[in-house]
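Geometric and topological summary
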Amino acid sequence: MKQLFALSAFLISSVLLAQSPMQLSLKQALALSESNNADVRVQSLKKKAARMVMVQNIAMGLPSVSVGGNYVENIDLPSQFFDINQDGVIDELKFGTRYTSIGQLSVNQLVFDGSYIVAVLAADVLKNMVDIAHEQSVIQARTATAKAYHMLVILQGNVDNVMKSLRIVADAVDDMQAMHDEGLVEQNDVDQLALNMGQLESTLAYAQSMQVVSANLLKLQCGLSEDVTLQLTSSLASLMLAAQQGSSLLDKPFDVNGHVDYRALETQRMGQSLTMRNEAIQFLPKVYAGYALSQQVVSEEANVWDMDGLSANSNVFSSWNLSAKWDLFTSGRRLAKFQEQQIKLQELDILLDHTAQALAIQQSTAKAEFAHALATYQLQSRNARMAKSILDNSQAKLKEGLVTSMAFTQAQSQYQQALSAQLTAAQQALNNHVHLEQALGQTPHSSLND
């Protein structure tokens with residue numbers, strides 16, 4: 001019986017443990033997105049694949065060794081026909097042995113090919129390209145994760161605010177109902193407050209459903225299972241404090257060379273420059289060298305490798321070669337390809353200048369939007385405090401019968417709108433903080449503390 005109780009207790013504790021929510025701060029969510037986000041994981045695999053491509057490119061210029069062999073049974077040997085004795089009679093002669101086997105070892109080496117030189121130089125460009133692509137995926141993942149976290153915190157704040165308003169309105173309904181029971185107010189006053197309470201309940205249900213959607217989005221960005229229950233540990237107050245401290249970014253100078261998007265385009269230009277050089281180097285010859293070592297064994301018996309067999313014999317022979325190829329005339333095709341790559345390089349030069357200007361404008365715009373969002377949040381916070389004061393005053397007067405239920409409802413709706421505007425301003429400030437970090441070429445929230 002004790003074992004049964006112990007087993008039951010273990011199962012119950014396991015269920016409760018499995019159902020316990022996952023504590024998640026914004027910093028932890030960002031760290032999870034760097035390791036579990038699908039796009040980041042794909043880019044990590046591309047980095048590994050790029051390393052394999054680099055090995056392939058370098059290996060093209062290294063010696064290659066191959067071995068091969070064959071085994072042949074000549075069921076019917078070929079014949080040659082001619083007059084051996086010059087007697088006018090055609091004689092038939094058969095040449096060869098029934099069984100033949102040849103083994104060969106060959107070594108090939110690239111002596112000179114301009115394309116190989118370019119391929120080796122392109123190895124660093126390829127590494128830079130995949131590194132930058134991975135960095136871009138991390139930035140995008142952290143940005144999306146931060147915004148999803150912000151959204152969930154804002155929705156939680158909205159739910160809390162609506163529930164507070166519901167309690168206030170519920171108390172007012174009870175007070176108004178008591179006053180109606182005493183004949184001090186009309187039923188219409190009670191119904192007015194009850195109607196407002198119903199609208200708040202509908203708003204609460206919608207906010208709670210959006211919470212579920214937002215939580216699933218955050219789990220997706222963090223690479224978490226949908227079954228996980230999250231409990232956010234970074235409060236709106238702490239997030240806003242970090243955003244307000246981030247106002248120092250407004251004075252930070254902009255360096256376009258450090259921006260990941262500009263560096264990506266620069267790397268693309270380097271790759272295009274190598275492509276152009278590869279076309280130019282095609283005017284030079286290509287030189288290859290090789291060596292081959294072969295052994296041939298023959299016999300009239302199936303075991304051709306038995307040197308004591310019938311008509312058994314063997315022969316070892318080797319050779320080396322040096323080959324060169326130089327295309328002297330290609331009807332202008334090679335020159336046209338080189339000029340095509342020159343034009344593409346000029347296109348990238350124009351894009352680089354344009355991108356530098358666009359990124360400068362982007363960071364300037366991001367600074368203005370972030371500064372405006374912070375100011376708006378301060379204004380909406382002040383409005384929320386005033387709306388709360390008006391509501392408290394109206395609630396006190398409602399209990400004394402000095403204001404109508406309509407006036408109280410208006411004060412309560414005004415307070416609810418002020419809270420909603422404050423949360424919207426907070427979300428805008430938080431997201432604009434992330435956008436500013438991006439615009440300045442920083443990884444979003446790279447210096448965030450728990």
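Numbers given to residues run from 1 along each chain, matching the order in which its sequence is written. Per-residue local features of the predicted model are confined to residues with pLDDT of at least 70, and side-chain atom pairs are confined, for both listing and counting, to 80 or more; whole-chain, interface and lining totals are unaffected and use all residues. The basis for every side-chain value is the complete set of heavy atoms in the structure, and neither hydrogens nor water enter the calculation.

1. Points about the packing of aromatic side chains
- Between 30 and 60 degrees the pair is tilted, below 30 it is stacked and above 60 it is edge-to-face, where a pair is any two Phe, Tyr or Trp rings, Trp via its six-membered ring, whose centres lie within 6.5 Å. For the structure on display, the rule yields two aromatic pairs.
- Cluster of aromatic residues (ring-pair linked, three or more members): Tyr71, Tyr99 and Trp305.

2. Re the pattern of salt bridges
- When a carboxyl oxygen of Asp or Glu lies within 4 Å of a side-chain nitrogen of Lys or Arg, that pair is called a salt bridge. This model, assessed by the stated rule, comprises nine salt bridges.
- In this structure, the salt-bridge partner of Glu135 is Arg263, at a minimum N-O distance of 2.8 Å. Of the two residues, Glu135 is situated in helix 4 (residues 114-181) and Arg263 in helix 7 (residues 260-281); the sequence distance between them amounts to 128 residues.
- Because the salt bridges share partners, they merge into one network encompassing Lys47, Lys127 and Asp131. Secondary structure elements are defined from DSSP: runs of H or I of at least 4 residues count as helices, runs of E of at least 2 residues count as strands, and each element is numbered from the N terminus.

3. Observations regarding the pairing of strand 5 (residues 99-112)
- Looking at chain direction, strand 2 (residues 64-73) and strand 5 are connected through ten bridges and run antiparallel. Paired with Asn70 across the bridge in strand 5 is Ile102.
- DSSP-based pairing: two strands are paired if at least 2 bridges between them are found. With 13 bridges connecting them, strand 5 and strand 7 (residues 286-299) associate as antiparallel partners. When the bridges of strand 7 are listed, Ile102 appears paired with Gln296.

4. Quick look at unusual backbone geometry
- Its identity is not glycine, yet Ser311 carries a phi of approximately 55°, on the positive side.
- Relative to the assigned elements, Ser311 resides in the loop between strand 7 and strand 8 (313-325).

5. Some points on the environment of Asp171
- Topologically, Asp171 is positioned in helix 4.
- When its relative accessible area of 42% is taken as the criterion, Asp171 is described as partly exposed.
- Note: C-alpha distance between Asp171 and Gln395 (224 residues apart in sequence) is 9.5 Å. Classification of residues uses two cut-offs on accessible area relative to the type maximum, computed with a 1.4 Å probe and protein chains only: under 20% is buried, over 50% is exposed, and between them is partly exposed.

6. Focus on a nonpolar patch on the surface
- Like charges within 9 Å and nonpolar side chains (Val, Leu, Ile, Met, Phe, Trp, Tyr) within 5 Å are joined into patches, using only residues over 30% in relative accessible area that form no salt bridge. Using a 1.4 Å probe, the Shrake-Rupley method yields the accessible areas, and only the shown protein chains count as cover for residues. A cluster of nonpolar side chains, Val65, Val67, Leu105, Val111, Tyr291, Leu293, Val316, Trp320 and Leu322, forms an exposed patch at the surface whose accessible area comes to about 920 Å².
- Of all elements in the fold, only strand 2, strand 5, strand 7 and strand 8 reach the threshold of two or more residues within the nonpolar patch.
- The greatest single-element share of the nonpolar patch, amounting to three residues, is contributed by strand 8.
- Within the fold, Val316 resides in strand 8.

7. A short note on the nonpolar core
- Ranked by internal contacts, the top residues of the largest apolar core, which has 34 residues, are Tyr149 and Leu218.
- Among the elements that take part in this core, helix 9 (residues 405-439) stands out by supplying eight residues, more than any other.
- Grouping buried Ala, Val, Leu, Ile, Met, Phe, Trp, Tyr and Cys residues that are joined through side-chain atoms within 4.5 Å yields what is termed a nonpolar core. Of all hydrophobic cores here, the second largest spans 22 residues; its members include Leu166, Val190, Leu193 and Ala387.

8. A closer look at the confidence of the model for the chain
- One number per residue, pLDDT, summarises how confident the predictor is, and it ranges from 0 to 100. Averaged over every residue, the pLDDT of the chain is 86; the share at 70 or more is 94%.
- Every residue in residues 1-18 scores below 50 in pLDDT, and together they form zero contacts with partners more than four places removed in sequence or on other chains. Whether two residues are in contact is decided by their heavy atoms: any pair within 4.5 Å suffices.

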